[in-house]
Amino acid sequence: MELYLGITVPLLTVICYFWFYLLAKEPAKRDKDGNIMDPVGGNRLKNGIAFGMASIAKLKEQAKFESETLKEVESFHKPENHPFFNESHYYNGADRHNQDRIITRISRRGGGGKKSFIFLLLDLEKYGIFALEEDDVPVDLTVDNPSGLGLSFECIEPMKKWRLK
């Protein structure tokens, strides 16, 4: 019995320390000036699981990318039939001289990608701010280019040039 307890207690101690280490909050990461960098939080176990999930997603996306043309990569993909499906296209820009800016997003979401979220923000020095934000917009699934409510993104040259109308 002594030999059994002699091995078990140290082994349990090591296992407990290991779990406390995994569940302990990681120290905040700091930049070169000593400022705390976002995001702050999570423990080593949670962060390790998230890193593993992100790595799996990256591998799946790389495999998919290698089998598609650039035009296919840039267009909306076949929507998946689950309630949390979401695919978005974002285009943002700014003019350094007058500080005009544009922020846009068109998404397909939900089961089968049948609903869309449209967002457009124009912040123009000459005209002021114009914003459009609409949810649950019906989607035309026959169109490859992201579009809705009169806003359309057209791929002119994959990975290089788009036209916003």
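Quick caveat, the model's predicted, so the values are computed rather than measured.

## What about the sheet that holds strand S4 (residues 128-138)?
Neighbouring strands of a sheet are bound in pairs by backbone hydrogen bonds; such pairs are parallel or else antiparallel. Here we have four strands laid out as an open sheet, ordered S1-S2-S3-S4, and antiparallel in their pairing. Each end of this open sheet is capped by a strand with a single partner; those strands are strand S1 (86-94) and S4. Here the average twist between neighbouring strands, direction ignored, is 5 degrees. Direction of pairing for strand S2 (residues 101-109) relative to strand S3 (residues 115-124): antiparallel, over a ladder of nine bridges. Residue pairing across strands places Ser107 opposite Phe117, the latter belonging to S3.

## Focus: the sheet that holds strand S7 (residues 161-164)
Spatial ordering of the open sheet is given by S5-S6-S7, a layout of three strands whose pairing is antiparallel. Of all strands in the sheet, those bounded by a partner on one side alone are strand S5 (147-148) and S7. In this sheet, S7 lies alongside strand S6 (residues 151-157) in antiparallel orientation, the contact comprising four bridges. Paired with Cys155 across the strands is Trp162, a residue of S7.

## Observations regarding empty space enclosed by the protein
All told, the structure shown has one cavity of 30 Å³ or more when counted by the stated rule. Empty space within the largest cavity amounts to approximately 60 Å³. Forming the walls of the largest cavity are Phe76, Ile106, Ser107, Arg108, Ser116, Val139, Asp140, Val143, Asn145, Pro146 and Ser147. In terms of residues, the lining of the largest cavity owes the most to one element, S2, which gives three residues. Its residues assigned to classes, the lining of the largest cavity shows five nonpolar, four polar and two charged.

## Thoughts on the confidence of the model for the chain
On average, residues of the chain score 82 in pLDDT, and 90% of them reach the 70 mark or higher. S3 holds the highest mean pLDDT among the elements of the chain, 91, whereas helix H1 (residues 2-23) holds the lowest, 69.

Criteria and thresholds
- Residues numbered from 1 in each chain as written.
- Predicted model: local features only at pLDDT ≥ 70, side-chain atom pairs only at ≥ 80, totals over all residues.
- Heavy atoms only, no water.
- Pairing = 2+ DSSP bridges.
- Helix = DSSP H or I, 4+ residues; strand = E, 2+ residues; numbered from the N terminus.
- Axes fitted to C-alpha atoms, helices over the stretch in contact; angles between N-to-C directions.
- 1 Å grid on protein atoms, 1.4 Å probe; cavity = no way out; pocket = protein on both sides within 12 Å on 5 of 7 lines; lining within 4 Å.
- Points joined across faces, edges and corners; volume = space filled by probe spheres on them.
- Nonpolar A, V, L, I, M, F, W, Y, C, P; charged D, E, K, R; others polar.
- pLDDT = per-residue confidence, 0-100.

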